[in-house]
Amino acid sequence: MSSYVVGFPRIGEKRELKFALEKFWSGKESFDTVTQVASQLKKRHWNYQKEAGVDLISVNDFSLYDNMLDLAVMLGAIPERFRGLENEELYFAMARGNKDAVAMEMTKWFNTNYHYIVPELTLNDTYKLNATKLINEYKEAKEQGINAKINIIGPITFLALSKRVDRGDTFELLSKILPIYEELLSEIAKLDEKVVIQIDEPYFVKDLEAKELSLIKPTYDKLASVSENLKILVATYFEHSNEANKILVKTPITGLILDFIHGIDNTESLEAIAQSGKKLIAGVVDGRNIWINDILKSVDLLEDIAKVVDKDKLCTGTSCSLLHTPFTLEYEEKLDANVKSWLSYAKEKLQEVEIIETIFRDGKDALNEAQKDILENNIEANKTRKTADIIHDKAVQDRVNSNFAKEREDKFEDRIEVQHKTFNYPTLPTTTIGSFPQTPEVRKARREFKKGEISKEEYENAMKKYIDDCVAFQEEADIDVLVHGEPERNDMVEYFGEQLKGFAFSQNGWVQSYGSRCVKPPVIYGDVSRPKAMTVDWITYAQSKTDRVMKGMLTGPVTILNWSFVRDDIERSDVSKQIALAIADEVSDLQDAGIKMIQVDEAAFKEGYPLRESKIATYEEWAVRDFKICVAPAKADTQIHTHMCYSEFNDIIRTIEAMDADVISIETARSGNELLKIFAKIGYKQEVGPGVYDIHSPRVPSKEEIVEQINKLLEVLPAKQLWINPDCGLKTRKWEEVKPSLINMVEAVKEVRSKL
Ligand code: GLN
Ligand code: ZN
């Protein structure tokens, strides 16, 4: 075994799977078409790897929707509401719901932007193996002459990421799940004389409790002794897994696959691995990013590892599955040539792995001519990356190192008094989170303008028309603090990225987000600055249409980072600081233009949290630092709002408080007032807008319902501290839903106010 790839993306380099699925779902194509497209894609992806020289190629990394869902189906973990369904009908009903049953929940896969389906388990479940998909895929690969290994998610990670519908601890089900895994493994053992199984246990990179750690040895003792025919490799990624590594080496598994990019601390386990004589696949090619590898540096790293672990036991791998990177640079025709020379997508990463492995094993002379060229380009590109003008902007660096304002001048207690005098807003002021429905007409105008099919003037008029209507509606509904509705924004990160220096946009850099849904994250390649104002014209236009207060609307640095591919040649926190200064410029310009309330969204603040507790303090420090930098220009009478898209604040409430926003709106509508209690408990001083209705559903909440919700909020926080708003932006909703909902919201507030 030499070069190793943990997994490959599956949606297709032209998103073939997405389109096939969506046609099937809308009834335009049969399921056979989906199966055919899937087979073609598998074949193509296997061959890409084979051609690149990868020795062992993953099967079962493919999925029509999600691997956790596949696993739940394979184990027979089918929630009751789907029982009676079969095959694709069952599978897609679990993923997407059907007319009788709501879909299963979906959530983020560790700290990535990939979402998995959360399995639902109960103590009464009976599990039953259904390995057809996996076995067929293995046979399919074999028939095509592919040297296949089988990927599955391990039992401990499966349970850790599942939820118990009947409450209780999912690990209680290990004794039921493990026999199914054993059965699966013995089925696999029948397939061939030797089969390599990669068991993914990314949960091992978290800070596991002693109880959880104690499950590892018995589990892997069992799995690794199912059959002599099996070679088990346990994979972890996104961080180090030292605690688990040291246990795993004492079980009869064959080896470990570890991340040496995001989990460089794994070097601590090398001694133990060496002593155990286990194989080690060292992930040195980043599967989370799109930057070229520094090939010679990776070879050095492997050589360092080889000082401890026997070279024969060691091989080169990717840091995790390449699922999180786009397919190939082939179709990138418009990217700046320099920027492109610094990029490497999944297909290009295959070559990197192979070249690193070859140099490490046999020296540079062992490379073929094509590989030698790639190496030469790689050395050159890494060199230009260190000095290129489009990356390194002295003005930005001077500014970052200068003495700029780090926080607002006035204390909250003083500011809020000034603000209440300035705005004189009523008790329980009403507002919204920023966006209003993105109508087909708005999308069309944006698209046509981008393609040059309509003039700038036509485009601006279309946007202004939308803003006019949006303002008129809000006035009519009698909302206190207005927004312009964000019609000019396709996406809250892309909109800013397109206007900031240091960002690039790919044509085909799609990565799967969930199911058939893909995103094309902006690429932050260089020092970030703001050439000119980004939102001032739109917001001042909107303000000119009303006497009420118009909120300016910006996206904060952590959210921009989390939803982009971020350069890896400087610290993430340094990129964040540069973005913060650019946003600060915008805050300052908005304020100068007479905008008195400014919201800086940090929708992804919590997603950015590190997987390891020991790293949280550092993250919080720079994340808070940069939010404060963004809003530092705001005078006492400029009110700063922020918004966060989640509700569980218990463990981070002090950090939220330290951000020092005047008002925060949050997503608590689905929890009554339960999740708000932490604000009261710690004596949170700033104002809070807990969402009073759930925008994720098309349902229109009644006035009575909202009254009840507001009263619940009042049980926890005093009226003077509360704002009333929906729980997130309204862009995914329809006007028919939004209008009555907001009208009911305002009516509800008026009723509550009259009784205060
Ligand atoms: N201001 C943004 C909007 O309303 C916030 C979106 C979000 O929280 N994800 O769309
Ligand atoms: Zn939100």
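Everything discussed here concerns the structure shown above.
About the thresholds
- Residues numbered from 1 in each chain as written.
- Chains lettered and ligands numbered in written order.
- Predicted model: local features only at pLDDT ≥ 70, side-chain atom pairs only at ≥ 80, totals over all residues.
- Heavy atoms only, no water.
- Helix = DSSP H or I, 4+ residues; strand = E, 2+ residues; numbered from the N terminus.
- Rg over C-alpha atoms; globule rule 2.2 N^0.38 Å.
- Buried < 20%, exposed > 50% of the residue type's maximum accessible area, 1.4 Å probe, protein only.
- Contact = heavy atoms within 4.5 Å.
- Areas by Shrake-Rupley, 256 points an atom, 1.4 Å probe, with all protein chains shown as cover.
- Pairing = 2+ DSSP bridges.
- Near = heavy atom within 4 Å.
- Polar contact = N/O pair within 3.5 Å; in protein donor to acceptor, adjacent residues only side chain to side chain.
- Nonpolar A, V, L, I, M, F, W, Y, C, P; charged D, E, K, R; others polar.
- Expected span 1.5 Å × (residues − 1).
- Donors = N, O, S within 2.8 Å, 3.2 Å for Na, K, Ca; no water.
- Axes fitted to C-alpha atoms, helices over the stretch in contact; angles between N-to-C directions.

Asker: Report on the overall build of the protein, specifying residues and quantitative values.
Answerer: In terms of helices and strands, the protein carries 27 helices and 22 strands. The C-alpha atoms of the protein give 27 Å as radius of gyration, which agrees with the globular expectation for 756 residues (27 Å, within 12%). Seen through its C-alpha atoms, the protein measures out along the principal axes to roughly 80 × 60 × 50 Å. Classification of the 756 residues of the protein by burial places 60% in the buried group. Across the protein, the fraction of contacts at a sequence separation of at least 24, relative to all contacts at a separation of at least 6, is 77%. Here the protein has roughly 30,500 Å² of accessible surface; of this, 48% comes from carbon and sulfur atoms.

Asker: Explain the sheet that holds strand β12 (residues 481-482) residue by residue, including any values.
Answerer: Strands sit in the order β12-β17-β19-β20-β21-β22 across an open sheet of 6 strands; the sheet is parallel. Bordering the open sheet on either side are β12 and β22 (687-690), each of which pairs with just one other strand. With 4 bridges connecting them, strand β21 (residues 663-666) and β22 associate as parallel partners. Each residue of the ladder has a partner; that of Ile666, found in β22, is Pro690.

Asker: Lay out the site of ligand 1 with the relevant residues and their values.
Answerer: Taken together, the residues surrounding ligand 1 are Ile433, Gly434, Ser435, Glu486, Met492, Met553, Asp601, Ala603, His643, Cys645, Cys728 and Gly729. Glu486 is positioned with one of its side-chain polar atoms (N or O) 2.9 Å from a nitrogen atom of ligand 1. Asp601 places a polar side-chain atom, nitrogen or oxygen, 2.7 Å from a nitrogen atom of ligand 1. Protein chains shield 91% of the accessible area of ligand 1, which is 290 Å² for the free molecule. The residue inventory of the shell around ligand 1, partitioned by class, reads 6 nonpolar, 4 polar and 2 charged.

Asker: Explain helix α7 (residues 174-189) to me, and be specific about the residues and the numbers.
Answerer: For α7, with 16 residues, the first-to-last C-alpha span of 22 Å sits near the 22 Å given by 1.5 Å per residue. The complete set of buried residues in α7 reads Leu174, Ile177, Leu178, Ile180, Tyr181, Leu184, Leu185, Ile188 and Ala189.

Asker: Describe in detail helix α13 (residues 346-362), supporting the description with residues and values.
Answerer: Its 17 residues give α13 an end-to-end C-alpha distance of 24 Å, which sits within 8% of 24 Å, the value for a rise of 1.5 Å per residue. With 13 of 17 residues buried, α13 is to be regarded as a mostly interior element. After α13 finishes, the residue Gly363 shows a positive phi value of roughly 90°.

Asker: Report on the pairing of strand β5 (residues 148-153), specifying residues and quantitative values.
Answerer: With 6 of its 6 residues buried, β5 lies for the most part within the structure. Residues Ala148, Ile150 and Ile152 point to one face of β5 and Lys149, Asn151 and Ile153 to the other, with burial holding for every one of them. Bridging between strand β1 (residues 57-59) and β5 involves 3 bridges; their strand directions are parallel. When the bridges of β5 are listed, Ser58 appears paired with Lys149. Where β5 and strand β7 (residues 195-200) come together, 5 bridges link them in parallel fashion. When the bridges of β7 are listed, Ile150 appears paired with Ile197.

Asker: Describe in detail the environment of Phe505, supporting the description with residues and values.
Answerer: Mapping Phe505 onto the fold places it in the loop between β13 (501-504) and β14 (511-514). Residue class for Phe505 comes out partly exposed when judged on its relative accessible area of 25%. Apart from the residues within four sequence positions on either side, Phe505 is in contact with Leu335, Glu494, Gly497, Glu498 and Pro522.

Asker: Give a detailed account of the coordination of the zinc ion (ligand 2), specifying residues and quantitative values.
Answerer: Every protein donor of the zinc ion (ligand 2) is listed here as His643 (NE2), Cys645 (SG) and Cys728 (SG), and their distances to the metal cover 2.0 to 2.2 Å. In primary sequence terms, the donor set of the zinc ion (ligand 2) follows H-x1-C-x82-C. Residue His643 is classed as buried on the basis of its relative accessible area, which comes to 3%.

Asker: Report on the sheet that holds β7, specifying residues and quantitative values.
Answerer: Strand order in the open sheet formed by 7 strands is β1-β5-β7-β8-β9-β10-β11, and the pairing between neighbours is parallel. Strands at the two margins of the open sheet, each flanked by one partner only, are β1 and β11 (314-318). Each neighbouring strand pair of the sheet contributes to a mean axis angle of 30°, computed without reference to strand direction. Sheet strands in contact with α13 are β10 (279-285) and β11, and its direction is about 165° off that of β11.

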